Amino acid sequence: MSTLWPDHLFLVGCGNMAGQMLVRWLACGLDPARVTVLRPSGRAVAEGVRVISEYPATLPPGTTILLGMKPYQLADVAESLAPISDGEARLVSILAGTRLADLRQHFPAVRDIVRAMPNLPVGIGGGVTALCADERTAVEGYAAVEALMSPLGLVERIADEGQFNEVTALSGCGPAFLFRFIDAFARAGEAIGLSAEQAARMAMATVWGSANMAKQAADSPGVLADRVASPGGMTREGLNVLDADGRLLKLMTDTLTAARDRGEEMARGG
Ligand SMILES: NC(=O)c1ccc[n+]([C@@H]2O[C@H](COP(=O)([O-])OP(=O)(O)OC[C@H]3O[C@@H](n4cnc5c(N)ncnc54)[C@H](O)[C@@H]3O)[C@@H](O)[C@H]2O)c1
């Protein structure tokens, strides 16, 4: 697996998201001695990983930089990071709503820049990472980033950066929507009379089994849903509630639209 890894990985910020990426990379064999994390707190992240709170004077040759702080911190970070990022460095940004053009403006000397949108399940290798690059990024540069992301789960190239906020709404934000669903599913079980603990346990196992089955099945989730529903039976009554006036579809569309619109607002500097 050693060909996956850059000579050096420099993480700027290592919170919820970048932290999960690092967890998976280390679990898949990345040598912690090849990683430096810059975080204001200076708190340790993992055994053998160097943590600093001030920018170094230079970056080692062959460094891949991962921007993992909040999007609004880009200008501040670039002020210190751009002067030490030359054409040899490779830049990957996971900042939501932050366009390649903004990254190029802040890091004019860097040739290979890849915009990435991972999601939290990357920590267990079950994530989704969307990638997008412009024509200035070399083919080998993009391929190296794609290889680095491959242990995290599904990697999707997004050809049209204009779709990046849609992608973020679906897979980047998606785990939150699904966690909310699991929580509501369990609480609904409790509301109709089960104990909270038993409902939570059974809801989780039902979601896990159904997601895994749907992933392996030849039929679409829509067809599988109908297979659960015996004519005139209990499931159909439940599906009728979800389907009435396209209720569930409308709820999901409104949810993704709100998330997507926020990404567009952020891209405009909001
Ligand atoms: N949380 C997610 O599910 C998710 C998914 C995809 C992308 N993202 C993106 O990841 C980024 C981080 O989100 P998060 O949820 O991990 O947030 P977080 O608050 O958990 O992590 C942010 C990290 O940045 C560090 N930081 C703060 N100020 C800094 C500075 N000046 N310089 C360098 N580092 C600094 C913090 O110490 C922290 O480690 C955001 O840009 C977000 O859009 C998050």
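Residues numbered from 1 in each chain as written. Predicted model: local features only at pLDDT ≥ 70, side-chain atom pairs only at ≥ 80, totals over all residues. Heavy atoms only, no water.

A. Here's a closer look at the UniProt feature "domain: Pyrroline-5-carboxylate reductase dimerisation" (unreviewed entry) in the protein. Following the UniProt record, the feature "domain: Pyrroline-5-carboxylate reductase dimerisation" (unreviewed entry) maps to residues 161–266 here. The span residues 161–266 carries 81% helix and 0% strand; its end-to-end C-alpha distance comes to 15 Å. (UniProt positions renumbered as here; feature names shortened; annotations may be inferred. Helix = DSSP H or I, 4+ residues; strand = E, 2+ residues; numbered from the N terminus.)

B. Examining the sheet that holds strand β3 (residues 50–52) more closely. An order of β3-β2-β1-β4-β5-β6-β7-β8 is seen for the eight strands of this open sheet, with the pairing classed as mixed. Only two strands of the sheet have a single neighbouring strand rather than two, namely β3 and β8 (153–157). Here the average twist between neighbouring strands, direction ignored, is 25°. Relative to β8, strand β7 (residues 127–133) is paired through five bridges, and the arrangement is parallel. Looking at β8, one finds that Ala 130 is bridged to Glu 156. Against the sheet, helix α2 (residues 74–81) engages β1 (8–12) and β4 (63–67), with an angle of about 160° to β4. (Pairing = 2+ DSSP bridges. Axes fitted to C-alpha atoms, helices over the stretch in contact; angles between N-to-C directions. Contact = heavy atoms within 4.5 Å.)

C. Region of the structure containing the site of the ligand. As a structural note, the neighbourhood of the ligand is formed by 21 residues, with Asn 16, Met 17, Met 69, Gln 73 and Ala 96 the closest of them. Interatomic distance of 3.2 Å between a backbone N/O atom of Cys 14 and an oxygen atom of the ligand. In this structure, an oxygen atom belonging to the ligand sits 3.0 Å away from a main-chain N or O atom of Ala 96. Residues belonging to the shell around the ligand are distributed by class as follows: 14 nonpolar, five polar and two charged. (Near = heavy atom within 4 Å. Polar contact = N/O pair within 3.5 Å; in protein donor to acceptor, adjacent residues only side chain to side chain. Nonpolar A, V, L, I, M, F, W, Y, C, P; charged D, E, K, R; others polar.)

D. View of the packing of helix α5 (residues 164–172) against helix α6 (residues 174–191). Two elements in contact, α5 and α6, have axes whose closest approach is 5 Å; the angle formed by their N-to-C orientations is 35°. Of the residues in α6, those in contact with Ala 169, Leu 170, Ser 171 and Gly 172 of α5 are Gly 174, Pro 175 and Phe 177. Split into classes, the residues belonging to the contact of α5 with α6 amount to four nonpolar, three polar and no charged.

E. Structural view of the pattern of salt bridges. Tallying each qualifying case throughout the model produces 12 salt bridges. Here Asp 112 makes a salt bridge to Arg 90, at a shortest N to O gap of 3.2 Å. One end of the pair, Asp 112, is in strand β6 (residues 112–117); the other, Arg 90, is in strand β5 (residues 90–93), and 22 residues separate them in sequence. Judged by its relative accessible area of 21%, Arg 90 falls in the partly exposed class. The partner of Asp 261 in a salt bridge is Arg 260, with the nearest N and O atoms 2.7 Å apart. Since its relative accessible area comes to 34%, Asp 261 is described here as partly exposed. Under the relative-accessibility criterion, Arg 260 is labelled partly exposed at 23%. (Salt bridge = Lys/Arg side-chain N within 4 Å of Asp/Glu carboxyl O. Buried < 20%, exposed > 50% of the residue type's maximum accessible area, 1.4 Å probe, protein only.)

F. Just α2, in detail. Of all the positions in α2, only Leu 74, Val 77, Ala 78 and Leu 81 are classed as buried. The buried residues of α2 occupy one face: seen down the axis, they fall within an arc of 100°. Along α2, the residues that are exposed and aim more than 90 degrees away from the buried face are Asp 76 and Glu 79. On its buried face, α2 is in contact with β1, β4 and α3 (100–106). (Arc of directions from axis to C-beta.)

G. Inspection of the nonpolar core at higher detail. Of all hydrophobic cores here, the largest spans 28 residues; its most connected members are Leu 11, Met 21, Trp 25, Val 35, Leu 66 and Met 149. Of all the secondary-structure elements, those providing two or more residues to this core are β1, α1 (16–27), β2 (35–38), β6, β7 and α4 (139–149). Here the element with the most residues in this core is α1; it accounts for five residues. Leaving out residues up to four positions away in the same chain, Met 149 has contacts with Met 21, Trp 25, Val 92, Thr 129, Leu 131 and Val 155. Residues Ile 52, Leu 59, Leu 81 and Leu 95 belong to the second largest nonpolar core, which totals 27 residues. (Core = buried A, V, L, I, M, F, W, Y, C linked by side-chain atoms within 4.5 Å.)

H. Region of interest: the side chain of Asp 112. The class of Asp 112 is buried, set by a relative accessible area of 2%. A polar side-chain atom of Asp 112 sits 3.1 Å from a polar atom in the side chain of Arg 111. Setting aside residues no more than four positions away along its own chain, Asp 112 makes contact with Ala 89, Arg 90, Leu 91, Arg 136, Thr 137, Ala 138 and Gly 141.

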